[in-house]
Amino acid sequence: MIDHSTIERIFDAAQITEVVQEFVSLKKRGVNYLGLCPFHNEKTPSFTVSPAKGIFKCFGCGKGGNSVNFIMEHEHLSYPEALKWLAKKYHIEIEEKEVTPEEIAKQNERESMLVVTQYAAKQFSENLFHGHEGMALGLSYFRERGFRDAILHKFDVGYCNEKRDDFTRKALDAGYRSEYLVLSGLTIDKEGYIFDRFAGRIMFPIHSLSGQVLGFGGRIIKSDPKAAKYVNTPETEIYHKSRIVYGIFQARQAIIKEDRCFLVEGYTDVLSMHEAGVENVVASSGTALTQEQIRLIKRFTPNITMLYDGDPAGVKASVRGTDMVLEEGMNVRIVLLPDGEDPDSYSKKVSEEEFRKYLKENETDFIRFKTRLLLDEAREDPVRRANLVREVVRSIAVIPDQINRTIYVKECSLLLGMPEEVVLDEVMKLRKQQSFRDRNTWPVQDAIVTPQAAPQRQKKREETSYYSEKEILRLLIRYGAEVLSRVTDRETGTETITTVADYIISEIEEDELKLNDPVFAAMYEEIKFNTGQGMIPGERHFVHHPEPAISATAVDMLTEKYTLSSIWNTRGSYVETEDMKLKELVPETVLSFKSDKIKILQKELIKEMSQAKGDDDRVAILQERYKVMTSLQKKIAYSLGKRVV
Ligand SMILES: [Zn+2]
């Protein structure tokens, strides 16, 4: 397996003209390059390379693709092999287990850094418990907040003296090399002027699972409006923020024993929980959990309980980011603390016993919690309610375990007052979508996948919406980010901008239409998802997509002189000027897509009617539906006709 970011780096480095030119001599022709096709015999060149799009295409034999596809085809390699071939050409390291001298040097470097951080932790602890300044400022801070020395020792907390280079000087005097002091993030070297990163802060060492000190979090004590309240070790060779959670070393035994892990926000929250006798607790340091952090916790327990401050806005934000934890198959629960309290403050306000009792009695299952929270927000508003159902269904759908999903479906249909089958149906639909399952883990396929061999395509294309779906996708990919309309609100003066992607997505979603072709559907979901996040993916994104079936389809769309939708054929040639006609082209394409979908529905209705023969009531209902479809169809034909005139 080659990881996603490495694949991206390979694509970034492997410029298509450069890669092709290694095998084919190319001549510049306008914005493109032209040469003799290496895949079939030809005397006049029809092999085209587009550096702007990052693709090649032969108009003689039809072969086309991105730089990786070219190497696959030319060197007869599989997808991963071609990636490795290019990685080698561009000196991009692919992580594989084979130790080189450089790696040994890196290893030594890491060890030296660990020695330095260990020394630093000891030094800081010395300052806190025995230094004048540390005792006066640091230790008193902890004591005032009711922390016992035992807890402070357990977490190895310390203090970094205020004098700008106090720690660095001491370390250098003790024989530690400044190189490693800087590399481990403890010391800052500003053009030869060397000083401490954490001067005047109380120090929380961040331990690895085995108790090595990887980095530090430093909290300022004196109020200084110019200084950040918390400063952390930057990313170093040994400290990767996204891979570790604070307190895991001290908590892991308790997590196993209790078969549960509490998640809080800050360092002092962790310390306070220990103080209150709850030792199975870690902190995410204020950010949403990463997948690596979740997996780290999962090594000890599948049960995670998140503690939230009783601030509704904060809760909502965090709740929305929690699906990832569900996706990892964890059982997630929530405890909402009383209004205005955090674990630190609340555990100190009540007795140890009361605190633990509160946690126990206020634990709610995450999905139930989310459903109630959103229900409360939505009330009787039908649009919001529909969104709510979608959100809840989403959370249920990511749960990998089927039995758990079934239980949630039952419970949520009760809470939402909806039939169980409806909720289950929605969950299943969502799970079937390729892009939904694979969003975070597009697999690098091991088999040879030629660009032409997209899997499981529809067979009888004439009878389906294949072509209108393709046209929809093509518009999204080529023009998604283009502005379709701007509307200025006269009263407020605010401008609402609708992009091509906004328009198409809202049209499709409002009518709850689905794309049938699995590859198109996956691409559409990806566009929808990213557009929702404010980033509309364009040509490059799909041409260089790690899923070969998708990059092949994108290349196809951008090169093929394909059949435009029927409306367009009747109107002659548009290809050169279509970007100027988006205002017409986009709504028309959406309409003919809808028209195709209605045709399919009507066909199904006719089939159903013949099956329902004898059951007059049923037939009447079906006929009624058919009539509605026909009138819709007429309306669409009318607006298409009006536009075509
Ligand atoms: Zn060719």
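Everything numeric here is computed off the predicted structure, so don't read it as measured data.

*Asks:* Explanation requested: the coordination of the zinc ion in the structure shown.
*Replies:* Put simply, a metal with four donors set out as a tetrahedron has ideal angles of 109.5 degrees, and one with six donors set out as an octahedron has ideal angles of 90 or 180 degrees. Around the zinc ion, the donor atoms from the protein are Cys37 (SG), His40 (ND1), Cys58 (SG) and Cys61 (SG), and they sit 2.1 to 2.3 Å away. Classification of the site at the zinc ion as tetrahedral follows from its four donor atoms and the range of 101 to 119° in their angles at the metal. Classification of His40 by relative accessible area gives partly exposed; the value is 24%.

*Asks:* Help me understand the nonpolar core in this model?
*Replies:* One recurring pattern in soluble globular proteins: nonpolar side chains tend to sit buried together. The biggest cluster of nonpolar side chains holds 99 residues, and the ones touching the most others in it are Phe142 and Leu271. Sorting elements by how many residues they give to this core places helix α5 (residues 101–130) first, with nine residues. Contacts of Leu271, omitting those with residues within four sequence positions, involve Phe142, Phe147, Ile151, Leu152, Phe155, Val157, Phe204 and Tyr246. Leu484, Ile505, Ile508 and Ala554 belong to the second largest nonpolar core, which has 36 residues in total.

*Asks:* Explain the environment of Cys412 to me, please; I cannot follow it from the model alone.
*Replies:* Take Cys412: it is sitting in helix α19 (residues 402–416). Measuring from C-alpha to C-alpha, the distance between Cys412 and Val389 comes to 9.2 Å, with 23 residues separating the pair along the chain. Leaving out residues up to four positions away in the same chain, Cys412 has contacts with Ile367, Thr371, Val392 and Ile396.

*Asks:* Explain the sheet that holds strand β14 (residues 303–308) to me, please; I cannot follow it from the model alone.
*Replies:* In a beta sheet, neighbouring strands are held together by backbone hydrogen bonds and run either parallel or antiparallel to one another. Taken in spatial order, the five strands of this open sheet run β13-β12-β14-β15-β16, and their pairing is mixed. In this open sheet, the two strands that pair with only one neighbour each are β13 (281–283) and β16 (363–365). Averaged over all pairs of adjacent strands, the angle between strand axes in this sheet comes to 30°, irrespective of strand direction. For strand β15 (residues 331–336) and β16, the ladder comprises three bridges, and the chain directions are antiparallel. Looking at the pairing, Ile334 lines up with Thr364 of β16. With respect to the sheet, helix α11 (residues 267–275) is in contact with β12 (261–264), β13 and β14, its orientation differing from that of β13 by roughly 170°.

*Asks:* Looking at this structure, I do not really get the packing of helix α18 (residues 382–397) against α19. What am I missing?
*Replies:* The axes of two packed helices give the description: the angle between them and the distance between them. Two elements in contact, α18 and α19, have axes whose closest approach is 10 Å; the angle formed by their N-to-C orientations is 165°. Here α18 lies roughly antiparallel to α19, going by the angle between them. For the element pair α18 and α19, the recorded crossing hand is right-handed. Mapping the contact onto sequence places Arg385, Leu388, Val389, Val392, Ile396 and Ala397 in α18 and Arg405, Tyr408, Val409, Cys412 and Leu416 in α19. A per-class count over the contact of α18 with α19 returns nine nonpolar, no polar and two charged.

*Asks:* Help me understand unusual backbone geometry, please; the structure alone is not making it clear to me.
*Replies:* Outside of glycine, negative phi angles account for most residues, and trans bonds account for most peptide bonds. The phi angle at Asp259 is positive, at roughly 50°, despite the residue not being glycine. The topology assignment puts Asp259 in the loop between α10 (248–258) and β12. Positive phi is not limited to glycine here, since Glu512 has a value of about 50°. If you trace the backbone, Glu512 turns up in the loop between α23 (500–510) and α24 (518–532).

*Asks:* Please clarify how the pattern of salt bridges should be interpreted in this entry.
*Replies:* It is possible for side chains of opposite charge to pair when their charged atoms get near one another. Taken as a whole, this structure holds 31 salt bridges when the rule is applied. Here Glu608 makes a salt bridge to Arg618, at a shortest N to O gap of 2.8 Å. With Glu608 in helix α28 (residues 582–611) and Arg618 in helix α29 (residues 616–644), the pair connects residues that are ten residues apart, well separated along the chain. Looking at Glu608, the relative accessible area reads 30%, which means it is partly exposed. For Arg618, a relative accessible area of 33% corresponds to the partly exposed category.

*Asks:* What should I look at first to understand the sheet that holds strand β11 (residues 230–232) in this one?
*Replies:* Judged by pairing direction, the sheet is antiparallel, and its four strands sit side by side in the order β6-β9-β10-β11 without closing on themselves. What marks the edges here is a single partner per strand, and that holds for β6 (158–160) and β11. Going across the sheet, the axis of each strand differs from the next one's by a mean of 35°, ignoring polarity. Pairing of β6 with strand β9 (residues 201–207) involves three bridges; the strand directions are antiparallel. In the sheet register, Gly158 faces β9, and the bridge partner there is Met203. Sheet strands touched by α11: β9, β10 (213–220) and β11. Its angle to β9, the strand with the most contacts, is close to 75°.

*Asks:* Explanation requested: the pairing of β12 in the structure shown.
*Replies:* Burial of β12 is two-sided: the residues Cys261 and Leu263 facing one way and the residues Phe262 and Val264 facing the other way are all buried. As paired elements, β12 and β14 share three bridges and run parallel to each other. Looking at β14, one finds that Leu263 is bridged to Met306. Sheet topology note: the β12/β13 ladder contains three bridges and is parallel. Opposite Leu263, over in β13, you have Val282 as the bridge partner. Where the polypeptide runs from β12 across α11 and back to β13, its parallel neighbour, the crossover connection is right-handed.

*Asks:* Hey, could you run me through the environment of Asp189 in this one?
*Replies:* As for its placement among the helices and strands, Asp189 is situated in strand β7 (residues 187–190). Remark: the alpha-carbon pair of Asp189 and Ser178, spanning eleven residues in sequence, is separated by 8.9 Å. A distance of 2.9 Å separates a polar atom in the side chain of Asp189 from the backbone nitrogen of Gly192.

*Asks:* Quick question: what am I supposed to make of the confidence of the model for the protein here?
*Replies:* For any part of a model where pLDDT is low, the fine detail of the predicted coordinates should not be relied upon. For the protein, per-residue confidence averages 82 on the pLDDT scale, and residues scoring 70 or more make up 88% of the total. Predicted confidence for residues 561–576 stays below pLDDT 50, and this span has 20 contacts to residues more than four positions away or in other chains.

*Asks:* Can you help me understand the packing of aromatic side chains in this one?
*Replies:* Here the distance between the centres and the angle between the planes together describe a pair of aromatic rings. In total, this model carries 26 aromatic pairs according to the counting rule given. Between Tyr193 and Phe195, the ring centres sit 5.2 Å apart and the planes meet at 35°, which makes this aromatic pair tilted. Phe195 gets classed as buried once you look at its relative accessible area, which sits at 8%.

About the cut-offs
- Residues numbered from 1 in each chain as written.
- Predicted model: local features only at pLDDT ≥ 70, side-chain atom pairs only at ≥ 80, totals over all residues.
- Heavy atoms only, no water.
- Donors = N, O, S within 2.8 Å, 3.2 Å for Na, K, Ca; no water.
- Tetrahedral: all angles 85-135°; square planar, octahedral: opposite > 155°, others 65-115°.
- Buried < 20%, exposed > 50% of the residue type's maximum accessible area, 1.4 Å probe, protein only.
- Core = buried A, V, L, I, M, F, W, Y, C linked by side-chain atoms within 4.5 Å.
- Helix = DSSP H or I, 4+ residues; strand = E, 2+ residues; numbered from the N terminus.
- Contact = heavy atoms within 4.5 Å.
- Pairing = 2+ DSSP bridges.
- Axes fitted to C-alpha atoms, helices over the stretch in contact; angles between N-to-C directions.
- Parallel < 35°, antiparallel > 145°, perpendicular 65-115°, else oblique.
- Left-handed = near helix turned anticlockwise from the far one by under 90°.
- Nonpolar A, V, L, I, M, F, W, Y, C, P; charged D, E, K, R; others polar.
- Salt bridge = Lys/Arg side-chain N within 4 Å of Asp/Glu carboxyl O.
- Right-handed = clockwise from strand over helix to strand, strands pointing away.
- Polar contact = N/O pair within 3.5 Å; in protein donor to acceptor, adjacent residues only side chain to side chain.
- pLDDT = per-residue confidence, 0-100.
- Phe/Tyr/Trp six-rings, centres within 6.5 Å; stacked < 30°, edge-to-face > 60°.

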